[in-house]
Amino acid sequence: NKSSVCSWVGIECDADQSSVHSLRLPGAGLVGPIPPQTLGRLSQLRVLSLRSNRLSGEIPSDFSNLTLLRSLYLQNNAFSGGFPAGVTPLARLTRLDLSSNNFTGPIPFAVNNWTRLTGLFLENNAFSGPLPSISAKLVDFNASNNRLNGSIPRNLQRFSAAAFAGNLGLCGGPIQPIHKKSKKLSTAAIVLISVGAVLALLILLLLLFCCLRRKQRQQQQQQSPKPPKPVPGAAARSVPVDAAGTSSSKDDITGGSADVERNKLVFFDGGVYSFDLEDLLRASAEVLGKGSVGTSYKAVLEDGTTVVVKRLKDVVVTKKEFEMQMEVLGKVRHDNVVPFRAFYFSRDEKLLVSEYVAAGSLSALLHGSPVNLRLRGNR
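All of these numbers come straight from a predicted model, not from anything done at the bench. Along every chain, residues carry numbers that run from 1 in the direction the sequence is written. Residues qualify for local features only when their pLDDT is at least 70, as the model is predicted, and side-chain atom pairs are given and counted only at 80 or more; totals for whole chains, interfaces and linings, by contrast, use all residues. Processing note: side-chain calculations cover all non-hydrogen atoms of the structure and skip hydrogens and water entirely.

Undergrad: Mind showing me how you'd approach a positive patch on the surface here?
TA: Residues qualify for a patch when their relative accessible area is over 30% and they have no salt bridge, like charges being joined within 9 Å and the nonpolar side chains of Val, Leu, Ile, Met, Phe, Trp and Tyr within 5 Å. Here the accessible surface of atoms and residues is derived via Shrake-Rupley with a 1.4 Å probe, and residues count as covered only by protein chains that are part of the display. A carboxyl oxygen of Asp or Glu within 4 Å of a side-chain nitrogen of Lys or Arg is what we treat as a salt bridge. Note that His is not counted, nor are the chain ends; the positive residues are Lys and Arg, and the negative ones are Asp and Glu. Every charge is mapped to an atom, namely NZ of Lys, CZ of Arg, CG of Asp or CD of Glu. A contiguous patch of positive charge, built from R70, R92, R116 and K137, is present on the exposed surface. Segments assigned H or I by DSSP are reported as helices when at least four residues long, segments assigned E as strands when at least two residues long, and all are numbered from the N terminus. Its location among the elements puts R92 in the loop between β7 (78-81) and β8 (95-97).

Printed below as a string of structure tokens:
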């Protein structure tokens, strides 16, 4: 009888126990679809809560008979199909929660008739298309994680961006506009370009100094009344060359000293490396870039140490003059200049060794990936 129904768990009836006023069965383990001509016959129902069950299928169309319904909670189920057609005529709704289901399709513009609606929750479904204006009385709203697109209606723009997140096609209001990919250089690129520019300026100054010195020597030789006296035995003396093709002893440019010893890498103050010239020549290397003063290589030694080697070309200068310029470069300290760590001098080879910047090279940023080469094989 009716009195026994009103005493069931989750059911509330009106004062005279003649009709069901509220039906609340959250998390009751309900499974499957809602049969038609069941809940739709409760025409006096004000509150219906079936949240957090395992209900599925479409909402029966006879929900349209629930004309007095004010609160409808169907979240956290497996309902599917389009926006419930039986719900749209319910003009007295104040709270509607369809979140976390499998609803699809557009949100009908008929929801604009819900003039009393204060809370609408549609998140975590697959609704698509534009958002209608909906009631201006809304206090709580969430349509995130759907497939909605178009502009956000003006009366919904007062809600935070979180209410619209997860809808890649939505724009306007609290959602930041989609910016086109900037063609400006990144911060790393700007830093590398600055470092390259400073380094190029220093090398240019070094070359200018070398050219001036060479010109001065030529002028002095032209003004000299007698040719310089040759060093005895210099014409017959050969310079030993190692397997890599690099001069391995002091040469005649140093002044023709007969005290021959093997050339070595000279480390600047602050260098913490323990490798020598042979280690450097055996290193795996790749070209970082080529310029008017030589070629730069990234060298990875057998112990994992990574450095940058600048091979200078067409630099004709004595060892003393070269060491003087290296002393100047070794003292350069600037945030945008990679520190020099060592240098090597011989008549056939002049090298500058600096630290390797792991962020990449200027050449790679401007021209793409470098070509892997062996340092020894590109002399």
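Undergrad: Please explain the sheet that holds strand β6 (residues 71-73) as it appears in this structure.
TA: Remark on secondary structure: sheet strands pair via backbone hydrogen bonds, oriented parallel or antiparallel. Pairing within the open sheet is mixed, and its seven strands lie in the order β1-β2-β4-β6-β8-β10-β12. Each having just a single partner strand, β1 (11-13) and β12 (140-142) make up the two edges of the open sheet. Each adjacent strand pair in this sheet contributes to an overall mean axis angle of 10°, direction not counted. When DSSP finds two or more bridges between a pair of strands, those strands are recorded as paired. Direction of pairing for β8 relative to strand β10 (residues 119-121): parallel, over a ladder of three bridges. If you follow L96 over to β10, its bridge partner there is L120. Each axis is a line fitted through C-alpha atoms, and for a helix only the stretch in contact is used; angles between axes span 0 to 180 degrees, taken between their N-to-C directions.

Undergrad: Sorry if this is basic, but what is going on with the environment of S128 here?
TA: Of note, S128 is situated in strand β11 (residues 126-129). Sequence separation between S128 and R147 is 19 residues; the distance between their C-alpha atoms is 4.6 Å.

Undergrad: Looking at this structure, how should I read the pairing of strand β20 (residues 350-355)?
TA: A 1.4 Å probe rolled over the protein chains alone gives each residue an accessible area, and that area as a share of the maximum for its type sets the label: buried under 20%, exposed over 50%, partly exposed in between. Counted residue by residue, β20 has five buried out of six residues, so it is predominantly covered. As paired elements, strand β18 (residues 306-312) and β20 share five bridges and run antiparallel to each other. Looking across to β20, one finds that V309 is bridged to V353. As paired strands, strand β19 (residues 340-345) and β20 are joined by five bridges and run antiparallel to one another. If you follow Y344 over to β20, its bridge partner there is L351.

Undergrad: Got a minute to help me understand the UniProt feature "transmembrane region" (unreviewed entry) in the protein chain in this structure?
TA: UniProt positions are given in the numbering used here, feature names are shortened, and annotations may be inferred rather than shown by experiment. UniProt records the feature "transmembrane region" (unreviewed entry) at residues 188-212, using the numbering of this structure. The straight-line gap between the two end C-alpha atoms of residues 188-212 is 36 Å; of that span, 100% is helix and 0% is strand.

Undergrad: Teacher, can you tell me more about the environment of C6 here?
TA: Here C6 lies in helix α1 (residues 2-6). Linking C6 and Q17, residues eleven residues apart in sequence, is a C-alpha distance of 6.8 Å. Sequence-distant contacts of C6, that is, excluding residues within four places in its chain, are made with I11, C13 and Q17. Here, residues are in contact when the closest pair of their heavy atoms is within 4.5 Å.

Undergrad: What should I look at first to understand the state of the cysteines in this one?
TA: Here a disulfide denotes one covalent bond, and it connects the sulfur atoms of two cysteines. Cysteine sulfur atoms are paired as a disulfide whenever they come within 2.5 Å of each other. What the rule picks out here adds up to one disulfide. The disulfide bridge from C6 ends at C13, spanning 1.9 Å between sulfur atoms. With the S-S bond torsion at -95°, the cross-link from C6 to C13 turns out left-handed. The same class applies to C6 as to C13, namely buried. Counting only cysteine sulfurs, C211 is the nearest neighbor of C210, a cysteine outside any disulfide, at a range of 6.9 Å. Judged by relative accessible area, C210 falls into the buried class, the value being 7%.

Undergrad: What am I meant to see in the environment of L42 here?
TA: Position of L42 relative to the elements: it lies in the loop between β3 (31-32) and β4 (47-49). In contact with L42, not counting residues within four places along its chain, are V20, L23 and L66.

Undergrad: What is the right way to read the sheet that holds strand β14 (residues 169-171) from this model?
TA: Across the sheet, seven strands lie side by side as β3-β5-β7-β9-β11-β13-β14; this open sheet has parallel pairing. Because the sheet does not close on itself, it has two edges, and the strands there are β3 and β14.

Undergrad: What should I look at first to understand the nonpolar core in this one?
TA: Most often, soluble globular proteins have nonpolar side chains that are buried together. Residues F141 and F164 are the most contacted members of the largest nonpolar core, which totals 45 residues. Of all the elements in the fold, those that place two or more residues in this core are β1 and β2 (20-24). Ignoring anything within four residues of it in the chain, the contact list for F141 reads L120, L131, I134, L156, F159, A163 and F164. Judged by nonpolar contacts, the second largest core, of 17 residues, contains L207, L312, F322 and F343. Side-chain atoms within 4.5 Å are what join buried Ala, Val, Leu, Ile, Met, Phe, Trp, Tyr and Cys residues into a set we call a nonpolar core.

Undergrad: Is there a simple way to think about the pattern of salt bridges in this case?
TA: A pair can form between side chains of opposite charge whenever their charged atoms are brought close. Scanning the entire structure with this criterion turns up three salt bridges. With its nearest N and O atoms 2.7 Å apart, the salt bridge here joins R213 to E321. Of the two residues, R213 sits in helix α2 (residues 187-223) while E321 sits in helix α4 (residues 319-330), which places them 108 residues apart along the sequence. A relative accessible area of 32% means that R213 is categorised as partly exposed. Under the relative-accessibility criterion, E321 is labelled buried at 7%.

Undergrad: Can you walk me through α4 in this structure?
TA: For the α-helix, the turn length of 3.6 residues means that residues three or four positions removed from each other point alike. Between its terminal C-alpha atoms α4 stretches 16 Å, which fits the 16 Å expected from twelve residues at 1.5 Å a residue. Buried within α4 are the following residues: K319, E321, F322, Q325, M326, L329 and G330. Multiplying 1.5 Å by the helix residue count minus one yields the expected span of that helix.

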